[in-house]
Amino acid sequence: MSLSSPLKRITVLDALRGFALLGVILIHMIQHFGIRSLPSENAAMSFPIIDEAVQWIGSNIIMGRFINIFAFLFGLSFFIQMDRAAKKGVDFRFRFIWRMILLLVMGLLVHSFFNLEIISIYAVFGILMLPLFRAKNWILLSIVVFLLLGGPRIIRAVEHNSSVGIEQLDKPEFANNDQRTRTVLEHLANPSFMNSVIHNYEERLPGKLNYQFGYFGRGYITFALFIIGLIVGRIRFFEKFNELKKRSFYLFIGFVTATVLVICAQSMLPPPDVSILFGSNSQNIPSSLLAVMTLQDLELVFFSGALTLGFALLYQNIKFRKYLEVLSPYGRTALTNYIVQGVIGAMLFSPWLLGKTFSNWGVTALFILGIVIYVVQIVCSKYWLKHFLYGPLEWLWRSGTYLKLQPFRKTTRSNG
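Now for a description of the structure that goes with this document. Residue positions are given per chain, counting from 1 as you read along its sequence in written order. In keeping with the model being predicted, local features are shown solely for residues with a pLDDT of at least 70 and side-chain atom pairs are shown and tallied solely at 80 or more, while totals for entire chains, interfaces and linings include all residues. To obtain the side-chain values, all non-hydrogen atoms of the structure were used and water was disregarded.

## As for the pattern of salt bridges
Salt-bridge detection follows one rule: a side-chain nitrogen of Lys or Arg within 4 Å of a carboxyl oxygen of Asp or Glu. If you walk through the whole model with that rule in mind, you get 8 salt bridges. Residue Lys208 is joined to Glu117 by a salt bridge in which the shortest nitrogen-to-oxygen separation is 2.6 Å. With Lys208 in helix α9 (residues 193–213) and Glu117 in the loop between α4 (93–110) and α5 (119–129), this pair connects stretches of sequence that are 91 residues apart. The exposure class of Lys208 is buried, given its relative accessible area of 8%. Taking the relative accessible area as the measure of exposure, Glu117 reaches 0% and is therefore buried. The closest approach of N and O atoms between Glu239 and Arg236, which form a salt bridge, is 3.4 Å. Connected via shared salt-bridge partners are Asp83, Lys87, Arg236 and Glu239. Strands are runs of DSSP state E lasting at least two residues, helices are runs of H or I lasting at least four, and both sets are numbered from the N terminus onward. Three labels apply to residues, based on accessible area from a 1.4 Å probe with only protein chains included: buried if under 20% of the type maximum, exposed if over 50%, partly exposed otherwise in between.

Written out as structure tokens, the structure reads:
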């Protein structure tokens, strides 16, 4: 039996993946997909009071939370692939590495359109997951705790503080740098697709890597979520979800409680002055700043855990499942939908196309437009999967993985 043949799916994971991508497109719309455009004198589609409320929702409910679910599901999917291969007596390791290389290439190509893409980072972490597949749970949990408590950030800060005046802090892509400012102005003054591509690779890619692996350390949290997904897959959590609904409900309450407690702890500490991280090399990084940043990371992860379990519990309720199941086709074609989101975002906000118009829209209008795009994608995904086994990019990725064209169209047998 070939691993390339369709296998029985855990449908709640498809719906959950679709749910995660709803949050992703909404926050990306608010952030203009990370694309800069020259500001216009006249703002359009602006509703100040509602915009402020929507911006709060974006910052405190969506940003960093839904993408965490997406990362967790990637780690869980990694386990499912490796586990199914092992049960069939197939050594999938080298093919998985090749699969991640293809994903990396795909991600770097997508980076041409918008620099907020994350699949290139996922590809690197996917390869790093291979040595952990057979690691004992206590080892995996130890790594997760180290990463979630900001271990890499603390190590870097200690090294920096011990060599103040010698080591230069890394600077983000938006730092006040004359050369970079000139480059950005050139990119905006002469808008074209090629100039945007050059800008995304020369200026935005280093900034993304700094955000992922610098003092913000977003990438370390992502990797921790990958490992959590591996652990959850290993204990067959979603396969046994119906049997453990009561325990899952208590776990949901635990995540909600932990989120509230962390938010309360954050409120007792002074607001973080992250500008220190981008300042001169003569400044020490205070431990209070490290503590606040760790609390922020924990709050995002706990919040994401509550969203994940809350969604799964609702999905198990027949009354809600028929509505949530609408998201499954979107989740089954997640790679295609995620990349299409980015291409649409590039067209809407890039200065070489529609950026002068949509970059001046208010937050509420962009939020609604994001929902419209998402709904259209849901309809297209459902229609597509009536006729095809996989999304177009999923099929291309699968065919590339096995270096052989895979079955694509549904037949009478596959429909049955």
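There is more to say after this.
## Here we look at the environment of Leu335
Structurally, the position occupied by Leu335 is in helix α15 (residues 334–349). Sequence separation between Leu335 and Leu393 is 58 residues; the distance between their C-alpha atoms is 6.6 Å. Residue contacts follow a heavy-atom distance rule, with two residues in contact if any of their heavy atoms lie within 4.5 Å. Contact partners of Leu335, with chain neighbours within four places excluded, come to Leu103, Met106, Ile119, Leu393, Glu394 and Trp397.

## Focus on the environment of Asn137
Relative to the elements of secondary structure, Asn137 occurs in helix α6 (residues 137–148). For the pair Asn137 and Ile235, spaced 98 residues apart in sequence, the C-alpha to C-alpha distance is 9.9 Å. The contacts of Asn137, once residues within four sequence positions are left out, are Ile231 and Arg234.

## Here we look at the environment of Trp384
The residue Trp384 is located in helix α17 (residues 363–387) in this model. Judged by relative accessible area, which is 27%, Trp384 ranks as partly exposed. Spatially, the C-alpha atom of Trp384 lies 9.3 Å from that of Thr333, the residues being 51 residues apart in sequence. Discounting residues that sit within four places of it in the chain, Trp384 has contacts with Tyr390, Gly391, Pro392 and Phe408.

## Observations concerning a nonpolar patch on the surface
On the surface, a cluster of nonpolar side chains totalling about 550 Å² of accessible area is made up of Trp98, Ile101, Val105, Leu109, Ile127 and Leu403. A per-element tally of the nonpolar patch places α4 first, with 4 residues. Structurally, Trp98 can be placed in helix α4. Like-charged residues are merged into a patch within 9 Å and nonpolar side chains (Val, Leu, Ile, Met, Phe, Trp, Tyr) within 5 Å, provided each residue has over 30% relative accessible area and no salt bridge. Per-residue accessibility takes into account occlusion by the displayed protein chains alone, with areas from the Shrake-Rupley method and a 1.4 Å probe.

## A look at the nonpolar core
With 94 residues, the main nonpolar core has Met29 and Phe238 as its most contacted residues. Those residues in contact with Phe238, other than ones at most four positions away along the chain, are Ile10, Val12, Leu13, Phe72, Leu76, Val232, Thr308 and Ala312. With 8 residues, the next largest nonpolar core counts Ala157, Tyr215, Ile276 and Leu289 among its residues. Among the buried residues, those of types Ala, Val, Leu, Ile, Met, Phe, Trp, Tyr and Cys that are joined through side-chain atoms within 4.5 Å form a nonpolar core.

## Focus: the packing of α5 against helix α10 (residues 218–234)
Fitted lines through C-alpha atoms serve as axes, helices being fitted only where they are in contact, and the angles separating the N-to-C directions of these axes extend from 0 to 180 degrees. It is at 10 Å that the axes of α5 and α10 come closest, and there the two elements cross at 50°. In terms of axis orientation, α5 runs oblique to α10. Regarding α5 and α10, the two cross each other, and that crossing is right-handed. Only Gly219, Thr222, Phe223, Phe226, Ile227 and Leu230 of α10 make contact with α5, whose side of the interface consists of Tyr122, Phe125, Gly126, Leu128 and Met129. The nonpolar class holds Ala, Val, Leu, Ile, Met, Phe, Trp, Tyr, Cys and Pro. Asp, Glu, Lys and Arg form the charged class, and all remaining residues, Gly among them, are polar. Across the contact of α5 with α10, the residue classes tally to 8 nonpolar, 3 polar and no charged. Any angle from 65 to 115 degrees is called roughly perpendicular, while one under 35 is roughly parallel, one over 145 is roughly antiparallel, and all others are oblique. With the far helix as reference, a near helix turned anticlockwise by less than a right angle produces a left-handed crossing, and one turned clockwise produces a right-handed crossing.

## A closer look at α10
The end-to-end C-alpha separation of α10 is 25 Å, in line with the 24 Å expected for 17 residues at 1.5 Å each. Of the residues flanking the end of α10, it is Arg236, one or two places downstream, whose phi is positive at about 60°. Working rule for helices: expected span equals 1.5 Å times residues minus one.

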